[in-house]
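So the chains spell out like this:
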Amino acid sequence: MTAQKHVPSLLSRAGAVSALTAAAVGGTLLAPGATPEARAAGAYASTALGVAASKKGAPYKYGAAGPHRFDCSGLTLYSYKRAGKTLPRTAQQQYNRTRHISASSRTRGDLVFFHSGGRVYHVGIYAGNGRIWHSPKTGSWVKLDRIWTSKVWYGRVG
């Protein structure tokens, strides 16, 4: 079989995989039952972003990590866990575990860390166009918001 015959299979397995990601794998496609580590890195981010978006409206609860209530790091932990990646529990621990990237390198699905005085206090999942999916605070819910400050760092889950 040619690689072109396998592309639809890749697209259905990985969810919203871009044509660029399919091209990047150069025709080497995954066999059914392949481990999560074998999937293209972009597929994790895309899946995690989709999971976070699917939780729109779920109420904030301090210390909650889903599936019906979330705090900020609980949402990122839950979303990436559903995508096949393990993250630590807190925003600071998640920052410490990710590969740090520049704002110009960020892509959809990367984590956005809000910081003050060198301490990370909030995290969300980058949705593109300067927006994040996050669970912001008591009395709020999972939602899509604009990044409201320049005091952010970016991390990529590996």
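Structure: above.
One structure accompanies this document, and this report is about it. Just so it is clear, the model here is predicted, and its values are computed rather than measured.

### Describing the packing of aromatic side chains
And then number 1: By the definition in use, this model includes 5 aromatic pairs.
And then number 2: When the ring of Phe114 is compared with that of Trp148, the centres are 4.4 Å apart and the planes differ by 15°; the resulting orientation is stacked. Of this pair, Phe114 sits in strand β2 (residues 111-116) while Trp148 sits in the loop between β5 (143-146) and β6 (152-156); the two residues are 34 residues apart in sequence, bridging distant segments of the chain.
And then number 3: Of the residues examined, Phe114 reaches a relative accessible area of 0% and is grouped as buried.
And then number 4: By relative accessible area, Trp148 is classed as partly exposed at 48%.
And then number 5: Following the ring pairs from residue to residue traces out a cluster consisting of Tyr95, Phe113 and Trp153.
And then number 6: Lying across the ring of Tyr44, Lys85 places its NZ or CZ 4.7 Å from the centre.
And then number 7: Across from the ring centre of Trp141, 5.0 Å away, lies the NZ or CZ of Lys143, which sits over that ring.

### Some thoughts on the nonpolar core
And then number 1: Membership of the largest hydrophobic core comes to 25 residues, with the highest contact counts inside it found for Phe70, Tyr80, Leu111, Phe113, Val123, Trp133 and Val142.
And then number 2: Sorting the residues of this core by element identifies α3 (41-54), α4 (72-82), α5 (91-97), β2 and β3 (119-128) as the ones contributing at least two each.
And then number 3: Of all the elements, α3 adds the most residues to this core, at 6 residues.

### Comments concerning α4
And then number 1: The buried count for α4 comes to 9 of 11 residues, which makes it a mostly enclosed element.
And then number 2: The complete set of buried residues in α4 reads Cys72, Ser73, Gly74, Leu75, Thr76, Leu77, Tyr78, Ser79 and Tyr80.
And then number 3: Immediately beyond the C-terminal end of α4, within one or two residues, lies Gly84, with a positive phi of roughly 100°.

Cut-off values and rules
Residues numbered from 1 in each chain as written. Predicted model: local features only at pLDDT ≥ 70, side-chain atom pairs only at ≥ 80, totals over all residues. Heavy atoms only, no water. Phe/Tyr/Trp six-rings, centres within 6.5 Å; stacked < 30°, edge-to-face > 60°. Helix = DSSP H or I, 4+ residues; strand = E, 2+ residues; numbered from the N terminus. Buried < 20%, exposed > 50% of the residue type's maximum accessible area, 1.4 Å probe, protein only. Lys NZ or Arg CZ within 6 Å of the ring centre and 35° of its normal. Core = buried A, V, L, I, M, F, W, Y, C linked by side-chain atoms within 4.5 Å.

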